[in-house]
Amino acid sequence: MGIILSMTKDLFSELSLTDKTLLTIFVLISIGEEVLWETQPKRVYEALSGYDPEARRRHFEKNSLQRTLYRFLEKRILEKYTTNGRKKIKLSRKGLEFLFSHFPNFKKMNQKWDGRFRLVFYDLPNDRHNSRKRLREILKQLGFQPLQLSVWITPFRVKAELEEYLKKADLSQYVRILEISLPLNEAREMIKKLWGKIPPFPSEIDQRKRLFKKNPGDFLQAFLTHPFIPKELTLN
C-alpha cells in the first residue's frame, strides 16, 4: 500500500494545476457526483487535498482553482447546464478531447476489442536517438508493449493516432504498422505474457465511489496507471 500511495503522490505532484483540476473533475464525474458550479471550487480543493495531503500545508489557493475553472469555461472545455434550478458543469466534447490529449490512457476506458492486434516495427537511424526515445514514449501512451527490441504490440485501435504522430514527426519512412488477428485464447495468452496480471478496474459507479471514499490515492492510482485492457482479453 505504501508503494502505491508513494507512486501516486509522485505522479500527481508532477502535474500542473490545469491538469490536476481537469483530472479531479473527471474523477468526480466518473464516480457519479453531481458537479455543482457554486460548490465546485471547494469540492475540487477537498479532492485535491485527498490526493495530496501536503496541499494545504503548501498554501494551495482556492482562488487559483476558481481562475482555472473560469478559464476552462472561457475555452469551452467545461459547459454549464441547469437542472432543477441548480447550475452544474460538465466536460464538453472539446473538454474530453483536451482530457485525452493530456491523459491518453483514459481514452482506452471501456474500449471493446475488435479482434485485432497492431504490430509496430521501427528502424530509426543512429542519429535519431531523441526521436527513437520519443517514439517509445508515444507507443506506451497509446497502449503498446514491447514484443521485441524494436517491435511493439497493442490490442487498441490506435493506428490513426500513431500514423498522425509519425507524419508530424517525419518518421513514417522508418516505421511499419501491421494489423493481425489472433484466436481469443491466443490473444489472452499474449496479454497475460506481456501485461502480466491486470487488477480489475471498477466499472460500476457505486464501486468507484466506494473506492474513492475509502482511499482517494488508490483510486487516482488506478486512473493514472491502469492499462484498461479490454475485458474480453482478461477473462479467465
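Reading the values: rules and limits
- Residues numbered from 1 in each chain as written.
- Predicted model: local features only at pLDDT ≥ 70, side-chain atom pairs only at ≥ 80, totals over all residues.
- Heavy atoms only, no water.
- Patch = residues over 30% accessible without salt bridge, like charges linked within 9 Å, V, L, I, M, F, W, Y side chains within 5 Å.
- Areas by Shrake-Rupley, 256 points an atom, 1.4 Å probe, with all protein chains shown as cover.
- Salt bridge = Lys/Arg side-chain N within 4 Å of Asp/Glu carboxyl O.
- Lys, Arg positive; Asp, Glu negative; His and termini not counted.
- Charge placed at Lys NZ, Arg CZ, Asp CG, Glu CD.
- Helix = DSSP H or I, 4+ residues; strand = E, 2+ residues; numbered from the N terminus.
- Pairing = 2+ DSSP bridges.
- Axes fitted to C-alpha atoms, helices over the stretch in contact; angles between N-to-C directions.
- Contact = heavy atoms within 4.5 Å.
- Core = buried A, V, L, I, M, F, W, Y, C linked by side-chain atoms within 4.5 Å.
- Buried < 20%, exposed > 50% of the residue type's maximum accessible area, 1.4 Å probe, protein only.

A. Examining a positive patch on the surface more closely. A surface patch of positive charge is lined by R67, R71, K75, R76 and K94. Of note, K75 is situated in the loop between α4 (62–74) and β1 (78–83).

B. How the structure looks around the sheet that holds strand β6 (residues 175–181). Across the sheet, four strands lie side by side as β4-β5-β3-β6; this open sheet has antiparallel pairing. A single partner strand is all that each edge strand has here, and the edge strands are β4 (145–148) and β6. Here the average twist between neighbouring strands, direction ignored, is 30°. Where β4 lies against strand β5 (residues 151–154), three bridges are found, and the strand directions are antiparallel. Bridged to Q145 within β5 is I153. Set on the sheet, helix α7 (residues 159–168) makes contact with β3 (116–122) and β6; between it and β6 the angle comes to about 175°. Helix α8 (residues 184–195) rests against β3, β4 and β5 of the sheet, and its axis sits at about 100° to β4.

C. Spatial organisation of the nonpolar core. Grouped together as the largest cluster of nonpolar side chains are 30 residues, with contacts concentrated most on V120, Y122, L135, L139, F144, L162 and L166. Taken together, the elements giving at least two residues each to this core come down to β3, α6 (129–141), β5, α7, β6 and α8. In terms of residue count, the dominant contributor to this core is α8 (five residues). What L135 contacts, discounting residues up to four positions off in sequence, is Y122, L124, L162, Y165, L166 and V175. Core analysis: the next-biggest nonpolar cluster, separate from the first, contains 27 residues, I31, L73, I89 and A222 among them.

The values are spatial; any link to function lies outside them.
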